[in-house]
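Coordinate analysis (summary)
Letter by letter, the chains look like this.
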Amino acid sequence: MSRREELAAEILGRLRAAGCALVGICEARPIDRADAFDAWLNEGHHGDMAYLAEHRRERCAPGLFVPGARSIICDADRYADGSPDR
């Protein structure tokens, strides 16, 4: 296992241990479907989440937002609704 893979595994392990439901790491490269994202926003599918329409170029090309970025660490969780975790 390379040092990069070890570091990724450590980061993901720490996020899981902290209770994150989903975790991942991806390259900080421009997305392939920026046109589909723009169409989705233009059709209003983002609802009340107006922040999604802000900084469209940067959302589609992370290196514009953080120059020199090579990776993106993502974590997700579900909203607490009182039911047991699945």
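My aim in this report is to walk through the structure given alongside it, one point at a time. Being a predicted model, the structure only gives us computed values, none of them experimental.

Secondary structure assignment for the chain yields 4 helices and 2 strands. Taken from N to C terminus, the helices and strands of the chain fall in the order α-β-α-α-α-β. Taken against the 2.2 N^0.38 rule, which gives 12 Å for 86 residues, the C-alpha radius of gyration of the chain at 16 Å runs more than 25% over that of a compact globule. On the principal axes, the C-alpha backbone points of the chain span a range of 40 × 40 × 15 Å. Scored against the burial criterion, the 86 residues of the chain give a buried share of 13%. In the chain, 57% of the contacts between residues at least 6 apart in sequence involve partners at least 24 apart. Counting every atom, the chain has about 7,100 Å² of accessible surface; 54% of that belongs to carbon and sulfur.

Moving on, we get to the side chain of H46. Relative to the helices and strands, H46 is located in the loop between helix 2 (34-42) and helix 3 (56-60). Here the side chain of H46 touches L41 through a polar contact of 3.5 Å, landing on its backbone oxygen. H46 has contacts with W40, L41, L52 and A53, leaving out every residue within four places of it along the chain.

Next up on the list: the packing of aromatic side chains. Aromatic ring pairs are reported here in terms of the distance separating the ring centres and the angle at which the planes meet. What the rule picks out here adds up to 1 aromatic pair. Aromatic side chains F37 and W40 sit 6.4 Å apart centroid to centroid with 15° between the ring planes, which places their arrangement in the stacked category. Taken together, the positions of F37 and W40, both in helix 2 and 3 residues apart, correspond to about one turn of that helix. Assessed through its relative accessible area of 34%, W40 is described here as partly exposed.

Covalently bonding the sulfur atom of one cysteine to the sulfur atom of another cysteine gives a disulfide. Under the defined criterion, the tally for this structure stands at 0 disulfides. Free cysteine: C26, not disulfide-bonded; nearest cysteine sulfur from C74 at 4.6 Å. You can see C60 has no disulfide; the closest cysteine sulfur is in C26, sitting 13 Å from it. C60 gets classed as buried once you look at its relative accessible area, which sits at 9%.

Rules and cut-offs
- The numbers attached to residues start from 1 for each chain and follow its sequence in the written order.
- Predicted model: local features are reported for residues with pLDDT of at least 70 only, side-chain atom pairs are reported and counted for 80 or more only, and whole-chain, interface and lining totals are derived from all residues.
- Neither water nor hydrogens contribute to the side-chain values; these are computed over all heavy atoms in the structure.
- Secondary structure elements follow DSSP: runs of H or I of four or more residues count as helices, runs of E of two or more count as strands, with numbering from the N terminus.
- We compute the radius of gyration from the C-alpha atoms alone; for a globule the expected value is 2.2 Å times N to the 0.38, where N is the number of residues.
- For every residue, the accessible area obtained with a 1.4 Å probe (protein chains only) is divided by the maximum for its type, and the residue is called buried under 20%, exposed over 50%, and partly exposed between those limits.
- Here, two residues are considered to be in contact whenever any of their heavy atoms come within 4.5 Å of each other.
- Surface accessibility follows the Shrake-Rupley procedure with a 1.4 Å probe radius. Residue values consider only the protein chains on display as shielding.
- Under the rule applied, a polar contact is a pair of N or O atoms within 3.5 Å (in protein, one hydrogen donor and one hydrogen acceptor; residues adjacent in sequence only if both atoms are side-chain atoms).
- Centres within 6.5 Å are what make two rings of Phe, Tyr or Trp a pair, Trp counting through its six-membered ring; a difference in plane orientation under 30 degrees is then read as stacked, over 60 as edge-to-face, and the rest as tilted.
- Note on disulfides: each one is a pair of cysteine sulfur atoms within 2.5 Å.

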